[in-house]
Amino acid sequence: MHQSKAPIPDHVPPELVVDFDHRLDPGFAVDPVGTARKLYDGPDIIYSPYYGGHWIFTRHEDILEGLRRPEVFSSCTVSVPPQSMWQEKLIPLELDPPEHSLYRNVLARQFSPKWAQSFEKDVRAGCRAMIDEIAPRGECEFVNEMAFPLPVRMLMPIIGFPVEDYARFHSMADRFFHAQSPEQNYAAASEVFAYMGELVARRRAAPGDDLISRLFREEVEGRLLTDNEILRMCFLLFMASTDTVTSATVLHMHYLAPHPGKLQMLLDDPALIPDAHEELLRRLGFINGPSRRVMQDVEIKGVKIRKGDMVTFMLGLAGLDERVHKCPMDVDFKRAVNPHLAFGGGPHRCVGSHLARVELRVMFEEWLPRMKNLRVKPGTEIRWHANMTYGTTSLPLVWDV
Amino acid sequence: MKIIVDLASCCGHARCAAKAPEVFGLDDVGFCQPLMETVPPALQASARLAAANCPEAVIFLDEEE
C-alpha cells in the first residue's frame, strides 16, 4: 500500500531528502537487504517524507550514539507514524531512564542469562520431539511447522499465555507483523490489548506459576505493579514471543539451505553454531527501526536536527556498514570481530537476547543433523514481506530420508 | 594488561563473557562482571577479542599495565 508523503520542513536540506519508505518500500518484496543497502549510496543521515516525515540514521556509529543518548533521542515515541499502539505508554518500550530501568529490571531478572541456561534442556526436549515427528517425512513448511511453533509454544506457558490460544496468537502475530499499512498494525494491536486485558484479569483471579502471575508480586518504587502496568508490559511480551526468534530462525535457515558448504561446516563442528548465528544476525538484520523522538536541537555530522523531529535507526542495516564490518556482504562464520546491533543497543537492548541465543543454538544443534542434504524445495519462489521487520511466511524445505 | 570497564554504560549484551569466559563473567541480569583486574599473558588475546566484540565499546584494555 502506498504511503502518503508529508511536506519537508524548512530546516531539512533538500539534498538529504530520499524517497524511501523504510517499512514498505516495494524493493523489500524482491531484495530486502539490497533495498536497504542502497541507502549507503547517499549521505549518512537522510530524511524520508513518509509517515509524517522522519530522519533515518543508516550508519552503525550514528545508530549506536542515538540508542545510547535517550535524553536526546527519547523512547516516548518508538515508531513512525508517531502514534503509539495504545493510548497509554507501553512498558518498558516507551519509557526513558530512569523510569524505564525500574520496569526493565523486573523483566531482566526473569530473562537472565542463568535462567536462559536453565531453560535450555526444555528447549532441547521440545526441539527433539518436533524433529522426531517431522524428520521422517523428508519435507516441511519450515515457518509454520517449526520456526514459529517451537519458540512460541516453549515461551507461552513461561509468560502465562494459555497454550490453547496458540492458533489465536499465530493469527494475531500474523496480522500485526505482516500488516500492509500502519492502520492494519493499529487494528491488530487493539485486538492484542483487548485479549491481554482479559488475560491479566484472569491471571489476577487465579494466578499460576508464570511470569504474568509473578508480576502481581513485583514492586516498583516500593509499591506493587498495577494490572494496568502489567497489561502495558504484555504487549512487549506478545511481540517478543511471536516474531523475533522465528524471523531469525527462518532467515538463517533460508541462508543455509542453498549453501551446503556452510551447512557442512556446522555439521562437522557444531561448536561453530553460536558464531554462525551471530554472523547471520549481523548479515541478515531484519529490523527496520526503531524510531525515537528528538528532545532538544542537536547536530549530528553537521546535520541540524530539531526538537520534536522523529528519527529512525535502521538496526538491520547497521550490520552491513563497511566502516565497522570488513567485507560486510560476506558470510564468515569465523569472523573474529562482530559487534553487531541486531539486538539493539543502549538501555533498551533486547531483554530476551539470552533466551533467543539459547533457542537459536539449540534448534540448529538438534535439527540440522536430522535433515540430511537439506535444501529449499525445488521450484519455490520466496516472497518477502516487510514492515517493522522483514521475512517470509513460507519456506518449504526438503531433505533425504 | 589492565581491564577497565565503563560499567555504567554496559547494556548487558553479554558478548564479553561469550568471547572470553575466563576473563569476563556476568551478574544476575547479564551485565559485565570482570573476573580479574590484570589479565595474564595467556588470556590477553581472548580479552582483546571480547573488547572488540562489545557492541557498546565499553571495555578498555590498558596494554601498558
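Only a predicted model underlies this, so the values are computations on that prediction, with no experimental measurement involved.

Peer 1: Now, about the overall build of chain B: what can you tell me, with residues and values included?
Peer 2: Scanning chain B from terminus to terminus reveals two helices and four strands. When the helices and strands of chain B are listed from N to C terminus, the series reads β-α-β-β-α-β. For 65 residues, the compact-globule formula gives about 11 Å, and the C-alpha radius of gyration of chain B, at 10 Å, lands near that figure. Taking the principal axes of its C-alpha atoms as reference, chain B extends roughly 30 × 20 × 20 Å. Across the 65 residues of chain B, 52% fall into the buried class.

Peer 1: Can you explain the environment of A:L215? Please cite residues and give values.
Peer 2: Residues and elements named next belong to chain A. Within the secondary structure, L215 is located in helix α9 (residues 211-215). For the pair L215 and M265, spaced 50 residues apart in the sequence, the C-alpha separation amounts to 43 Å. Excluding residues within four positions of it along the chain, L215 makes contact with V106, L225, I230 and M233.

Peer 1: Provide a residue-level description of the environment of A:P26, including the pertinent values.
Peer 2: As for its placement among the helices and strands, A:P26 is situated in the segment before α1 (32-37). C-alpha separation for the pair A:P26 and A:L368, spaced 342 residues apart in sequence, amounts to 33 Å.

Peer 1: Summarise the environment of A:V220; cite the residues concerned and give the values.
Peer 2: Mapping A:V220 onto the fold places it in strand β5 (residues 219-220). Put simply, A:V220 and A:E99 are 121 residues apart on the chain and 9.5 Å apart in space, counted from C-alpha to C-alpha.

Peer 1: Can you tell me about the nonpolar core, naming the residues and giving the values?
Peer 2: In summary, soluble globular proteins display a tendency toward joint burial of nonpolar side chains. Residues and elements named next belong to chain A. In terms of nonpolar packing, the biggest core is built from 112 residues, with F142, M196 and W367 touching the most fellow members. By residue number, the principal contributor to this core is helix α10 (residues 227-256), which donates 16 residues. Among all residues touching M196, those that are not within four sequence positions of it are F161, F169, L231, C234 and F238. Counting 21 residues, the second-largest nonpolar core is a separate cluster that includes L67, I300, V303 and A318.

Peer 1: Help me get a handle on the side chain of A:D210, residues and values and all.
Peer 2: Residues and elements named next belong to chain A. Within the secondary structure layout, D210 lies in the loop between α8 (182-205) and α9. Given a relative accessible area of 5%, D210 falls into the buried group. Within the local environment of D210, its side chain forms a polar contact with the side chain of R203, the two groups lying 3.4 Å apart. Polar side-chain contacts of D210 include one of 2.7 Å to the backbone nitrogen of S213. Once you skip the residues sitting within four places of it in the chain, D210 turns out to touch P157, I158, I159, G160 and R203.

Peer 1: Can you break down the interface of chain A and chain B residue by residue, with the values?
Peer 2: Residue-level contacts link 23 residues of chain A with 18 residues of chain B. The interface formed by chain A and chain B contains four salt bridges. Notably, a salt bridge pairs A:E278 with B:R15, separated by 3.8 Å at the nearest N-O pair. Our count for the contact surface shared by chain A and chain B stands at nine residue pairs in polar contact (both at pLDDT 80 or more). Its residues assigned to classes, the side of chain A that touches chain B comprises eight nonpolar, seven polar and eight charged.

Peer 1: Just give me the short version of the pattern of salt bridges, but keep the residues and values in it.
Peer 2: Residues and elements named next belong to chain A. Taken as a whole, this structure holds 36 salt bridges over all chains when the rule is applied. In this structure, K5 and D19 form a salt bridge, with 2.4 Å as the shortest nitrogen-oxygen distance. One end of the pair, K5, is in the segment before α1; the other, D19, is in the segment before α1, with 14 residues separating them in the sequence. Judged by its relative accessible area of 48%, D19 falls in the partly exposed class. Here the residues in one salt-bridge network are D44, R59, E61, D62, K301, D321, E322 and R323, joined through shared partners.

About the cut-offs
- Residues numbered from 1 in each chain as written.
- Chains lettered and ligands numbered in written order.
- Predicted model: local features only at pLDDT ≥ 70, side-chain atom pairs only at ≥ 80, totals over all residues.
- Heavy atoms only, no water.
- Helix = DSSP H or I, 4+ residues; strand = E, 2+ residues; numbered from the N terminus.
- Rg over C-alpha atoms; globule rule 2.2 N^0.38 Å.
- Buried < 20%, exposed > 50% of the residue type's maximum accessible area, 1.4 Å probe, protein only.
- Contact = heavy atoms within 4.5 Å.
- Core = buried A, V, L, I, M, F, W, Y, C linked by side-chain atoms within 4.5 Å.
- Polar contact = N/O pair within 3.5 Å; in protein donor to acceptor, adjacent residues only side chain to side chain.
- Salt bridge = Lys/Arg side-chain N within 4 Å of Asp/Glu carboxyl O.
- Nonpolar A, V, L, I, M, F, W, Y, C, P; charged D, E, K, R; others polar.

Purely spatial values, then, with no claim about function.
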